[in-house]
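# Observations on the model geometry
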Amino acid sequence: MSLFNGLFSQDMAIDLGTANTLVYVKGRGVILNEPSVVAYHSKAGRKEVLAVGEDAKMMLGRTPGSIEAIRPMREGVIADFDTAEEMIKHFIRKVHKRTTFTKPKIIVCVPHGATPVEKRAIRQSVLSAGARKAGLIAEPIAAAIGAGMPITDPTGSMVVDIGGGTTEVAVLSLGDIVYARSVRVGGDRMDEAIISYLRRQQNILIGESTAERIKTSIGTARMPDDGRGMSELIKGRDLLNGVPKETEVSQAMVAEALNEPVQQICEAVMTALETTPPDLAADIVDRGVMLTGGGALLGELDLALREQTGLAISVADEALNCVALGTGKALEYEKRLRHVIDYDS
Ligand SMILES: Nc1ncnc2c1ncn2[C@@H]1O[C@H](COP(=O)(O)OP(=O)(O)OP(=O)(O)O)[C@@H](O)[C@H]1O
Ligand SMILES: [Mg+2]
């Protein structure tokens, strides 16, 4: 029976992120990675799902009146339950081969600060999407496992997951969370900071997709040594006369725009270190801090954090996949990591 289950199981681990949702299938790895976006079409007062994931993200900011593109997760929590459930179902269906006889077991990671109501809602969505069993795992633990940190050792490890909606700072020891705090600063806030900087300083209005593109191409957390750095041509709307305008954005401008969110991330790390019991804090000083999540890829963020906190900073390999890989590992090695999965809260 166990061989049979092993061969046919489509057990899954899901990282339900503010920006991206990833699905890991047992024995196969991450096989789906799409933006957490759903587009609806309103027809005669009824809403129909038009697109989910990549296709829906392309519609964000570009929809006519009859179409609405929604991001169901905001700031790390579910802001729109019905849409989140639609999305989870869609992705599970896309991955789940119906050749199996058993319904899958599914583990989903949830922010450390998720309320019991939010946890129940996520579990319910997964069950109604066809899971036979739904487990939850705390996101910082998943991130640390995914980054290959020795979380079950009796030493302190600090992991900082910088996602789209939030930055979660956690200190782990002996497989559990000693300290965790979530701040509502992440990739989205960085995009907003770029938009408002360009509006204030250059009188140009750009959309969220353009801001994200600037951030991922020339974005940097530190002022370039030559005071300017590389630059990129972008298109937006001139706020003075309302016509389209092209302008050059430099890395210095982006660094200035991102100063506030970067400072907030540094402060969150310092607060965590100050609040951690002294022996564990000493371990972190020795071993350094691991960054995960897409925000960890911001240019020179590791360097800026090192300069400001004095700690050694590493960026995880596959930062964007860490949480999904860690959740997947918890599924693969469930016997050993049983205590980190919660099946019945
Ligand atoms: N090279 C890069 N530089 C800066 N930011 C990046 C880069 N690549 C991706 N990002 C940003 O990372 C964010 C997405 O990261 P991630 O997928 O870890 O978030 P998430 O897990 O969906 O969100 P959360 O964990 O808050 O729910 C987006 O805001 C994206 O713009
Ligand atoms: Mg995440």
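None of these values were measured; they are calculated from a predicted model. (Residues numbered from 1 in each chain as written. Chains lettered and ligands numbered in written order. Predicted model: local features only at pLDDT ≥ 70, side-chain atom pairs only at ≥ 80, totals over all residues. Heavy atoms only, no water.)

### What to know about the domain arrangement of the protein
Domain boundaries in the protein define domain 1 (2–34 + 74–141 + 323–342), domain 2 (37–70), domain 3 (156–185 + 262–320) and domain 4 (187–259). The distance between the C-alpha centroids of domain 1 and domain 4 comes to 36 Å. (Domains from an automatic or database assignment.)

### Digging into the sheet that holds strand β9 (residues 105–110)
Strand order in the open sheet made by the five strands is β3-β2-β1-β9-β10, with mixed pairing throughout. A single partner strand is all that each edge strand has here, and the edge strands are β3 (29–35) and β10 (133–138). Shown here is a sheet whose adjacent strand axes are inclined to one another by a mean of 20 degrees, direction ignored. In the sheet, strand β1 (residues 12–16) pairs with β9 via four bridges, with the strands oriented parallel. (Pairing = 2+ DSSP bridges. Helix = DSSP H or I, 4+ residues; strand = E, 2+ residues; numbered from the N terminus. Axes fitted to C-alpha atoms, helices over the stretch in contact; angles between N-to-C directions.)

### Focus on the nonpolar core
If you look at the biggest cluster of nonpolar residues, it comprises 44 residues, and the most contacted ones within it are M158, I194, L198 and I214. For this core, the leading source of residues is helix α9 (residues 259–275), giving seven residues. Both of domain 3 (156–185 + 262–320) and domain 4 (187–259) provide at least three residues apiece to this core. Residues within four places of I214 in sequence aside, it is in contact with I194, L198, I206, G219, E232, I234, V249 and V254. (Core = buried A, V, L, I, M, F, W, Y, C linked by side-chain atoms within 4.5 Å. Buried < 20%, exposed > 50% of the residue type's maximum accessible area, 1.4 Å probe, protein only. Contact = heavy atoms within 4.5 Å.)

### What to know about empty space enclosed by the protein
In the structure shown here, the tally under the stated rule is one cavity of 30 Å³ or more. Taken as a whole, the largest cavity spans an internal volume of roughly 70 Å³. Together, L16, M73, G76, V77, I78, C109, P111, A114, E118 and I122 line the largest cavity. Among the elements of the structure, β8 (77–78) and α4 (116–128) are those that each provide at least two residues to the lining of the largest cavity. (1 Å grid on protein atoms, 1.4 Å probe; cavity = no way out; pocket = protein on both sides within 12 Å on 5 of 7 lines; lining within 4 Å. Points joined across faces, edges and corners; volume = space filled by probe spheres on them.)

### Quick notes on the side chain of R123
Looking at the element boundaries, R123 is found in helix α4. A polar side-chain atom of R123 sits 3.0 Å from the main-chain carbonyl oxygen of Y343. (Polar contact = N/O pair within 3.5 Å; in protein donor to acceptor, adjacent residues only side chain to side chain.)

### Considerations on the environment of A69
Residue position: A69 is located in strand β6 (residues 67–70). Taking the C-alpha atoms as reference points, A69 and V185, 116 residues apart in sequence, are found 23 Å from one another.

### What about a nonpolar patch on the surface?
Together, L297, V315 and L320 make up an exposed nonpolar region whose accessible area comes to about 250 Å². Here V315 is to be found in strand β18 (residues 313–315). (Patch = residues over 30% accessible without salt bridge, like charges linked within 9 Å, V, L, I, M, F, W, Y side chains within 5 Å. Areas by Shrake-Rupley, 256 points an atom, 1.4 Å probe, with all protein chains shown as cover. Salt bridge = Lys/Arg side-chain N within 4 Å of Asp/Glu carboxyl O.)

### Some points on the pairing of strand β4 (residues 38–43)
Where β4 lies against strand β5 (residues 46–52), six bridges are found, and the strand directions are antiparallel. Each residue of the ladder has a partner; that of H41, found in β5, is E48. Hairpin remark: β4 followed by β5, antiparallel, with two residues in the connecting loop; positive phi at A44, about 45 degrees. Here β4 runs beside β6; their pairing, made up of four bridges, is antiparallel. Residue pairing across strands places Y40 opposite E68, the latter belonging to β6.

### Side note on the pattern of salt bridges
Following the criterion strictly, the structure yields 16 salt bridges and no others. Its salt-bridge partner being R228, residue E248 comes within 3.4 Å of it at the nearest N-O pair. Taken together, the residues E248 in strand β16 (residues 244–250) and R228 in the loop between α7 (208–218) and β15 (231–238) connect sequence positions 20 residues apart. By relative accessible area, E248 is classed as partly exposed at 43%. Notably, a salt bridge pairs E246 with K235, separated by 3.9 Å at the nearest N-O pair. Of the two residues, E246 sits in strand β16 while K235 sits in strand β15, which places them 11 residues apart along the sequence. Here K235 falls in the exposed class, since its relative accessible area comes to 62%. Taken together, the shared-partner salt bridges in this structure form one network comprising R222, E300 and E307.

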